[in-house]
Amino acid sequence: MTKILLQGNQAIARAAVKAGLGFYAGYPITPASEILHELVSEKSVKLMQMEDEIASINAIIGASLAGAKSMTATSGPGFSLMQESIGLAHMMEVPLVVVNVQRVGPSTGMPTLPAQGDVLQCKYGSHGDYFPIVFYPNSVDELYQYTFHAFNAAEESRSPVILLSDGYVGHLYETIQIQDYRISKRTLPPLGTSNRHFTGLTHEGSIPATSDPEVHKKFIKHLETKQKKVAKKYNGYEYRENASSDTLLIAYGALSRVSYHFKDDFAICRPIRIFPMIEDIKEIAGQYKRIIVMEMNAGQYVNEVERLLHRKVHLVSVLGGKIDLQEIWTKLKRSRRET
Amino acid sequence: MDKIETVQEGNVTKVLTHLNYLKQERLPTQWCPGCGNGIVLKLVCQAMEKLDFSQKNTVMVSGIGCSGRSAGYFDLDSIHSVHGRAIPVAEGIKNANPALNVIIISGDGDLLGIGGNHLLHASRRNTNISIVCIANSIYGMTGGQTSPTTEQGSKTLTTPQGNADTPIDVQAILKAHNSYYARTTVFHFNHAEKCITESLQHEGLSFVEIKTQCITNDGRRRGFKNAYEMMMSYKENYKINSKTDTLEHNEIGIIK
């Protein structure tokens, strides 16, 4: 094991190479560009700087089907552009890793500042029904580790796996221990070996079936079952019990790093696999009177947690890319007092 | 005429000719009677047969629209991608595995409208892929709206007074980056086959624009009685010019 000082974005790129990345396509965007920069001199990676993010996601779909483990990285605006083809990759069952280093939105927003406003877009951004696996690590070391998990989960589920980060963790420098993690091998035979037809239409085998509801129902059920099964292998979350507190604080990504400051006053739960949601949260939450979700958006994951728990969940919202400990502490106290 | 060899596979009698490149159990195609897309499939099959392309070295990619269904009829690995993105998908395939012949068959709306930007950049990069553009000058699948190659003045569902805009100059785009460009029509069958065969052999990006009729959602609105009349109009309107570096609007030929 070697110790090394790395930036969050660099860690993703380095880990991707170790995990077997064969093809990368991307478009420059703050705060994700360092991933592209880190990969340009990698001899084992075929790299294309595309004309936009739509081209990037479609190029990695083609490359992945051609047999190369493939990845792209972007931020909110680019992630929005990719949504249609993320749906295509779910429909055609193509293993991909899509990294989204979040910044403040909507639109161009605050490009250099971190946010967590794309959380629901990961789950619902493309049209139709699909069941994405989404990881959201909160440190450089964890980004490194979860890049391997993202590639493995993509291969095992044959789906596009989202690796979420944010402008804070992405640009953070930390010393990490470089370790070897398990690597899933490619099982999907590459293009040029058969007569398969990969289509975005509802299909049965290689044949499009666009008017039979039974085929579609069966297909969606298949996607759901497959995704849940693979997700179970990556049941990543952190839980800091606090028997003296009646409140569970749920936070993830950059903001979860701050939550540790409140560990004496709250129990803390940090999901790393944010979708499909960690079922264990149900049991954990049962031990607390009050649940607060703290996130850098106007309230996204809070609704998902509420839906999971079937009970009222309170929101502490941090907007504008600034993480101010005093301000957050004041909000948390107010939330606890008023609920 | 030589006796046509056939082989029985289940309930399907497969014809052992160039049609062997197609999934014959999926025939007839779902396209309208009189559609030109089937002619393009046959042309591509014949070109592939000439060059001995096989399931082991060839991949077909399509976008969306009537022509987007083309890839799925080929008896090889094929991709039916989203609207306008056949080119970046094909570029990804070619870059990941340069040994594969990557062929795109898609429509003019798909390749030049929604996906037009990708053509600009793929030709700039000169990626070694072959693009066969079924240019019927109409959005046929959605009912007959004006497309990027609709002639000025032409009446469509969305231009009832006649199209006010000029069609896109594909030749200029391809020429700007010294890529292979050919224009042909489904009427000029042998010429079209030559254009496609040469394009498949071309090192670098190649683009074959095949003028094709859509009687259902275009010709009808423009006063044509049937597909035959539309094909005859190609015969009358287009002349082969093999000695120029720029094709006039009524000429067909190869520029490389």
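Predicted model only: the values in this text are computed from it and were never measured. Along each chain, residue indices are assigned from 1 in the same order as the chain's sequence is written. Whichever chain is written first is A, and whichever ligand is written first is 1; the rest continue in order. Whole-chain, interface and lining totals are the exception, using all residues; otherwise, since this is a predicted model, local features are given only for residues with pLDDT of at least 70 and side-chain atom pairs are given and counted only at 80 or more. The side-chain numbers reported here are obtained from all heavy atoms of the structure, hydrogens and water having been left aside.

1. Points about the domain arrangement of chain A
Residue and element names in this part refer to chain A.
No. 1: According to the domain assignment, chain A consists of domain 1 (2-232) and domain 2 (237-338).
No. 2: Two residues form a contact once any of their heavy atoms are found within 4.5 Å. Taken residue by residue, the interface counts 30 residues in domain 1 and 24 residues in domain 2.
No. 3: Summing both sides of the interface, domain 1 and domain 2 together bury roughly 2,200 Å²; the carbon and sulfur share of this comes to 56%.
No. 4: Note on terms: buried area is the combined drop in 1.4 Å-probe accessible area of two parts once they are placed together, counting the loss on both. Per-residue buried area on domain 1 facing domain 2 is highest for Gln 116, Tyr 136 and Asn 138; these three make up 29% of the total on that side.
No. 5: Salt bridge, as used here, is a side-chain nitrogen of Lys or Arg placed within 4 Å of a carboxyl oxygen of Asp or Glu. Across the contact surface, domain 1 and domain 2 share three salt bridges.
No. 6: Across the pair Glu 304 and Lys 123 runs a salt bridge whose closest N-O atoms are separated by 3.6 Å. An automatic or database domain assignment provides the domain bounds reported here.

2. So, the environment of Gly65(B)
Residues and elements named next belong to chain B.
No. 1: Tracing the backbone through its elements, the reader meets Gly 65 in the loop between strand E3 (58-62) and strand E4 (78-80).
No. 2: Between buried and exposed lies partly exposed: a residue is buried under 20% and exposed over 50% of the maximum accessible area for its type, with that area taken using a 1.4 Å probe on protein chains only. The exposure class assigned to Gly 65 is buried, which follows from its relative accessible area of 17%.
No. 3: Measuring from C-alpha to C-alpha, the distance between Gly 65 and Asn 95 comes to 26 Å, with 30 residues separating the pair along the chain. The way it works is that DSSP assigns letters per residue, a run of H or I at least four long becomes a helix, a run of E at least two long becomes a strand, and they are numbered from the N terminus.

3. Overview of the sheet that holds strand E6 (residues 130-135) of chain B
No. 1: As summarised here, the arrangement of the nine strands in space is E10(A)-E4(B)-E3(B)-E5(B)-E6(B)-E10(B)-E9(B)-E12(B)-E11(B), forming an open sheet in which the pairing is mixed. One side of each edge strand has no neighbouring strand; the edge strands of this open sheet are strand E10 (197-199) of chain A together with strand E11 (239-240) of chain B.
No. 2: Only strands that DSSP links by at least two bridges are regarded as paired with each other. Relative to E4(B), E3(B) runs parallel, the two being bridged by three bridges. Paired with Met60(B) across the two strands is Ser78(B), which belongs to E4(B).

4. Examining the interface of chain B and chain A
No. 1: On the side of chain A, 36 residues touch chain B, which itself brings 32 residues to the contact.
No. 2: Note on chain B versus chain A: buried area summed over both sides is about 2,700 Å², and carbon and sulfur give 57% of it.
No. 3: Broken down residue by residue, the surface that chain B buries against chain A is led by Asp77(B), His80(B) and Val82(B), which jointly contribute 21%.
No. 4: Viewed at the interface, chain A and chain B are joined by two salt bridges.
No. 5: We define a polar contact as two N or O atoms separated by no more than 3.5 Å, with the added condition that, inside protein, one atom must be a possible hydrogen donor and the other a possible acceptor, whereas residues neighbouring each other in sequence contribute only through side-chain atom pairs. Counting across the chain B and chain A interface gives 18 residue pairs in polar contact (both at pLDDT 80 or more).
No. 6: Of all the elements in the fold, those that place two or more residues in the side of chain B that touches chain A are E4, helix H2 (86-96) and helix H4 (116-125) of chain B.
No. 7: Looking at which element gives the most residues to the side of chain B that touches chain A, the answer is H2(B), with seven residues.

5. Observations concerning the sheet that holds strand E17 (residues 290-295) of chain A
The strands that make up a sheet are held in pairs by hydrogen bonds between backbone atoms, and each pair lies either parallel or antiparallel.
All names here are of chain A.
No. 1: Spatially, the five strands line up as an open sheet ordered E13-E15-E14-E17-E18, and their pairing is mixed. Looking at which strands have only one partner, the edges of the open sheet turn out to be strand E13 (237-240) and strand E18 (314-317). Each strand axis lies, on average, 20° off the axis of its neighbour in the sheet, ignoring direction.
No. 2: With four bridges connecting them, E17 and E18 associate as parallel partners. Looking at E18, one finds that Val 293 is bridged to Leu 315.
No. 3: A fitted line through C-alpha atoms represents every axis, and for helices the fit uses only the stretch in contact; the resulting angles, taken between N-to-C directions, go from 0 to 180 degrees. Packed onto the sheet, helix H11 (residues 301-309) meets strand E14 (247-251), strand E15 (267-271), E17 and E18 and runs at close to 150° relative to E17.

6. Points about the packing of aromatic side chains
Each aromatic ring pair is characterised by the separation of its centres together with the angle its planes make.
Residues and elements named next belong to chain A.
No. 1: The rule is short: rings of Phe, Tyr and Trp, with Trp giving its six-membered ring, pair when the centres are within 6.5 Å, and they are stacked under 30 degrees, edge-to-face over 60, tilted in between. Overall, the coordinates contain 13 aromatic pairs over all chains when judged by the stated rule.
No. 2: Their ring planes at 55° and their centres at 6.4 Å tell us that Tyr 144 and Tyr 181 sit as a pair that is tilted. Pair noted here: Tyr 144 is in helix H6 (residues 140-157) and Tyr 181 is in the loop between strand E9 (173-178) and E10, with a separation of 37 residues, a long-range link. As far as burial versus exposure is concerned, Tyr 144 and Tyr 181 are alike and both buried.
No. 3: Between Phe 275 and Tyr 301 the ring centres are 5.6 Å apart and the planes differ by 70°, which places this aromatic pair in the edge-to-face class. In this pair, Phe 275 is assigned in strand E16 (residues 273-275) and Tyr 301 in helix H11, connecting sequence segments 26 residues apart. The residues Phe 275 and Tyr 301 share a single accessibility class, namely buried.
No. 4: A connected cluster of aromatic rings, assembled from ring pairs, spans Tyr 136, Tyr 252, Phe 275 and Tyr 301.
No. 5: Just above the ring of Tyr 260 sits the side chain of Arg 240; from NZ or CZ to the centre is 4.1 Å. Note on criteria: charge over ring means Lys NZ or Arg CZ within 6 Å of the ring centre, with the direction from the centre no more than 35 degrees off the ring normal.

7. Topic: the environment of Phe187(B)
Residue and element names in this part refer to chain B.
No. 1: Relative to the elements of secondary structure, Phe 187 occurs in the loop between strand E9 (180-185) and helix H6 (189-201).
No. 2: Considered as a pair, Phe 187 and Tyr 234 are 47 residues apart in the sequence and their alpha carbons are 6.4 Å apart.
No. 3: Excluding its chain neighbours within four sequence positions, the residues that come into contact with Phe 187 are Met 231, Met 232, Tyr 234 and Lys 235.

8. Brief notes about the nonpolar core
No. 1: By nonpolar core we mean a set of buried residues, namely Ala, Val, Leu, Ile, Met, Phe, Trp, Tyr and Cys, connected to one another through side-chain atoms within 4.5 Å. If you look at the biggest cluster of nonpolar residues, it comprises 81 residues, and the most contacted ones within it are Val61(B), Ile93(B), Leu119(B) and Phe207(B).
No. 2: For this core, the leading source of residues is helix H3 (residues 53-65) of chain A, giving seven residues.
No. 3: Split by domain, this core shows at least three residues from each of two domains, domain 1 (2-232) and domain 2 (237-338) of chain A.
No. 4: The contacts of Leu119(B), once residues within four sequence positions are left out, are Ile87(B), Leu111(B), Leu112(B), Ile131(B), Val170(B), Ile173(B), Leu174(B), Leu205(B) and Phe207(B).

9. Points about helix H8 (residues 213-232) of chain A
All names here are of chain A.
No. 1: One less than the residue count of a helix, multiplied by 1.5 Å, gives the span that helix is expected to have. Helix length check: H8, at 20 residues, gives a terminal C-alpha distance of 29 Å against a target of 28 Å (1.5 Å per residue), a fit within 8%.
No. 2: Check the buried side of H8 and you find it contacts helix H4 (76-92), H6, strand E11 (203-204) and E16.
No. 3: In this structure Asp 212 caps H8, since a side-chain oxygen of it lies 2.9 Å from the backbone nitrogen of Glu 214.

10. Digging into unusual backbone geometry
Residues and elements named next belong to chain A.
No. 1: Here the residue pair Thr 30 and Pro 31 is connected by a cis peptide bond, since its omega of 5° sits within 30 degrees of zero.
No. 2: Relative to the helices and strands, Pro 31 resides in the loop between strand E2 (21-26) and helix H2 (33-39).
No. 3: For the bond running from Phe 275 to Pro 276, omega is -15°, close enough to zero to count as cis.
No. 4: Counting through the fold element by element, Pro 276 comes out in the loop between E16 and helix H10 (280-285).
No. 5: In the Ramachandran plot, Glu 93 falls in the positive-phi region, its phi being about 60° despite a non-glycine side chain.
No. 6: For Glu 93, the position within the fold is in the loop between H4 and strand E5 (96-104).
No. 7: In this structure, Arg 158 takes a positive phi of about 50° despite not being glycine.
No. 8: Inspection of the secondary structure assignment puts Arg 158 in the loop between H6 and strand E8 (160-166).

11. A word on the pairing of E8(A)
Residues and elements named next belong to chain A.
No. 1: Across the seven residues that make up E8, a large majority, seven, are buried.
No. 2: Of the two faces of E8, the one holding Pro 160, Ile 162, Leu 164 and Asp 166 and the one holding Val 161, Leu 163 and Ser 165 are both buried throughout.
No. 3: The sheet contact formed by E5 and E8 spans seven bridges and is parallel. Each bridged residue has a counterpart across the sheet, and for Gln 102 the counterpart in E8 is Asp 166.
No. 4: Taken together, the two bridges between strand E7 (residues 134-135) and E8 define a ladder with parallel strand orientation.

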